[in-house]
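Residue strings, one per chain:
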Amino acid sequence: MRFQNKGVVVTGAGGGIGRETALEFAAEGAKVVVSDIDPITAERTTKEIVEQGGQAQAFTLDTTDPEAVAAGFAAFESWLGDLDILVNNAGIREITPVIELTYEEWCHVINVNLTGVWLCSQTFVKRLLATDRPGAIVNLASTLGVVAAPNRPAYTASKHAVVGLTKQMALEFGEKGIRINAVGPGVTRTAMTAHYFEDPEITASIRSIHAMNRWAEVDEIARAILFLASDDASFITGTTLIVDGGWTTGKKM
Ligand SMILES: NC(=O)c1ccc[n+]([C@@H]2O[C@H](COP(=O)([O-])OP(=O)(O)OC[C@H]3O[C@@H](n4cnc5c(N)ncnc54)[C@H](O)[C@@H]3O)[C@@H](O)[C@H]2O)c1
């Protein structure tokens, strides 16, 4: 039990990687804030955790809304007691060529994937500093935080920026015992990617870009997130752990 009674906040925990991460933290003893913009899915994940004997509470939070984030973290802290770990998981993705991307679409993706990560991280760190406590943040970057792929301009820009913000914050708060890292998943089967698997050509292409000739399941990403949040990673900060079955190692010939 690496996280016995630790106070953990997971954003976007209603589904996909966030849901699995919340379940795995709870299974290792954590008290988990299951936050999502969608109240129904947040409640669903929370119910699953509680039914398995874990500790969780659902909170509705849009990570891009500064006032809601301030109020949300105050509410999280009241329920948790102490804040220890934040997983900035909430994210969205467009599939649009650069030339066709609208200003609104650009702003939406950048707001959720970058501004939301910054807002939640700043609020979390302020609360740790106020109580002189150590802590850990794990951000969801992507392989598209280190390489590009067609038709994902705002997503790729936002995830590269998350890698940069991770380094920046690690540098600033290392002395305070606050570690900030990121995980960069390859294609992982979730609602975000479900449509890939409806088309055999896209499925084959997904296989071919990963050296391991497959995609990830959510537990393979959650395990990396828990590692970076745990004391096993006590001297790791500012890094992005790429979990991509070899996608970014190079191109097959
Ligand atoms: N699935 C992949 O292949 C993959 C690969 C690399 C990185 N990632 C990243 O992992 C994270 C999780 O992705 P996923 O595949 O589980 O996605 P998902 O779509 O299954 O889940 C994302 C969750 O975030 C929530 N959300 C969206 N906007 C929000 C907001 N403004 N405030 C709060 N919650 C919000 C959604 O309601 C949803 O529950 C994202 O940051 C994504 O970019 C995913």
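Our structure is the block above this text.
What counts and how
- Residues numbered from 1 in each chain as written.
- Predicted model: local features only at pLDDT ≥ 70, side-chain atom pairs only at ≥ 80, totals over all residues.
- Core = buried A, V, L, I, M, F, W, Y, C linked by C-beta atoms within 7 Å.
- Buried ≥ 20, exposed ≤ 12 C-beta atoms within 10 Å, placed from the backbone.
- Helix = DSSP H or I, 4+ residues; strand = E, 2+ residues; numbered from the N terminus.
- Contact = placed C-beta atoms within 7 Å.
- Near = placed C-beta within 6 Å.
- Axes fitted to C-alpha atoms, helices over the stretch in contact; angles between N-to-C directions.
- Parallel < 35°, antiparallel > 145°, perpendicular 65-115°, else oblique.
- Left-handed = near helix turned anticlockwise from the far one by under 90°.
- Nonpolar A, V, L, I, M, F, W, Y, C, P; charged D, E, K, R; others polar.

1. Brief notes about the nonpolar core
Then step 1. Residues Ala22, Val32 and Ile225 are the most contacted members of the largest nonpolar core, which totals 61 residues.
Then step 2. Top contributing element to this core by residue count: helix α7 (residues 218-229), with eight residues.
Then step 3. Once residues within four sequence positions are removed from consideration, Ile225 is found in contact with Thr21, Val87, Val138 and Val183.
Then step 4. Judged by nonpolar contacts, the second largest core, of six residues, contains Val109, Val112, Leu144 and Ala154.

2. Looking at the site of the ligand
Then step 1. What surrounds the ligand is a group of 31 residues, the closest being Gly12, Gly16, Ala90, Gly91 and Thr190.
Then step 2. Residue assignment for the shell around the ligand shows that the elements contributing at least two residues are α1 (16-27) and α4 (103-130).
Then step 3. Residue contributions to the shell around the ligand peak at three residues, all from α1.

3. Here's the deal with the packing of α4 against helix α5 (residues 153-173)
Then step 1. Between α4 and α5, whose axes approach to 9 Å, the crossing angle comes to 15°. Taken together, α4 and α5 sit at an angle that is classed as roughly parallel. Crossing angle aside, the handedness with which α4 passes α5 is right-handed. Touching Glu105, Trp106, Val109, Ile110, Asn113, Leu114, Val117, Trp118, Ser121 and Val125 of α4 are Ala154, Tyr155, Ser158, Lys159, Ala161, Val162, Leu165, Met169 and Phe173, all from α5.
Then step 2. A class-by-class count of the residues in the contact of α4 with α5 yields 14 nonpolar, three polar and two charged.

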